[in-house]
Amino acid sequence: MLEYIDYRTLKEFYTIQETCELLGLEKDALREKCQECRIMPVRNELGEGGFVKYDFRKLHYALYCEDRRNQQEWDPWA
């Protein structure tokens, strides 16, 4: 299950490594998800590759929706 992330406390920029750690993905899985969602990393003023807050939120939401679809139906009577 995907970890909860409070969007109000997000930084403005996350490196690729930070993104992998927060989303619980390996770099290859992150690359595939980025290509699927058409989100590409950008460089910040220090030259580091990563994602701005908006793109990070889009990635997290895409993974959240995918996680929800993959969960089994909840049966309150089981």
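Before going into details, it helps to say that this report is about the structure given with it. (Residues numbered from 1 in each chain as written. Predicted model: local features only at pLDDT ≥ 70, side-chain atom pairs only at ≥ 80, totals over all residues. Heavy atoms only, no water.)

Residue pairs three or four apart in sequence face the same way in an α-helix, which turns once every 3.6 residues. Between its terminal C-alpha atoms helix α3 (residues 53-70) stretches 26 Å, which fits the 26 Å expected from 18 residues at 1.5 Å a residue. All of the buried residues in α3 are D55, F56, L59, H60, A62 and L63. Mapping the buried residues of α3 onto a view down its axis gives an arc of 160 degrees, with all of them on the same face. Facing away from the buried side of α3 by over 90 degrees, the exposed positions are Y54, Y61 and R69. The inward-facing, buried residues of α3 abut β1 (13-15), α1 (16-23), α2 (27-37) and β3 (49-52). (Helix = DSSP H or I, 4+ residues; strand = E, 2+ residues; numbered from the N terminus. Expected span 1.5 Å × (residues − 1). Buried < 20%, exposed > 50% of the residue type's maximum accessible area, 1.4 Å probe, protein only. Arc of directions from axis to C-beta. Contact = heavy atoms within 4.5 Å.)

Before going further, it helps to spend a moment on the sheet that holds β1. Ordered by their spatial adjacency, three strands build an open sheet running β1-β3-β2, and the pairing between neighbours is antiparallel. For this open sheet the edge positions go to β1 and β2 (42-43), each flanked by a neighbour on one side alone. On top of the sheet, α1 reaches β1 and β3; it is set at about 90 degrees to β1, its chief contact. Across the sheet, α3 is in contact with β1 and β3; its angle to β3 comes to roughly 85 degrees. (Pairing = 2+ DSSP bridges. Axes fitted to C-alpha atoms, helices over the stretch in contact; angles between N-to-C directions.)

On the surface, V42, V52 and Y54 cluster together into a nonpolar patch covering about 270 Å² of accessible area. Topologically, V52 is positioned in strand β3. Judged by relative accessible area, which is 33%, V52 ranks as partly exposed. (Patch = residues over 30% accessible without salt bridge, like charges linked within 9 Å, V, L, I, M, F, W, Y side chains within 5 Å. Areas by Shrake-Rupley, 256 points an atom, 1.4 Å probe, with all protein chains shown as cover. Salt bridge = Lys/Arg side-chain N within 4 Å of Asp/Glu carboxyl O.)

This part covers the packing of α2 against α3. Contact pair α2 / α3: the axes reach a minimum separation of 11 Å and the direction vectors enclose 95 degrees. It follows from the interaxial angle that α2 and α3 lie roughly perpendicular. Contacts from L30, K33, C34, E36 and C37 in α2 reach L59, A62, L63 and E66 in α3. Taken together, the residues that form the contact of α2 with α3 break down as six nonpolar, no polar and three charged. (Parallel < 35°, antiparallel > 145°, perpendicular 65-115°, else oblique. Nonpolar A, V, L, I, M, F, W, Y, C, P; charged D, E, K, R; others polar.)

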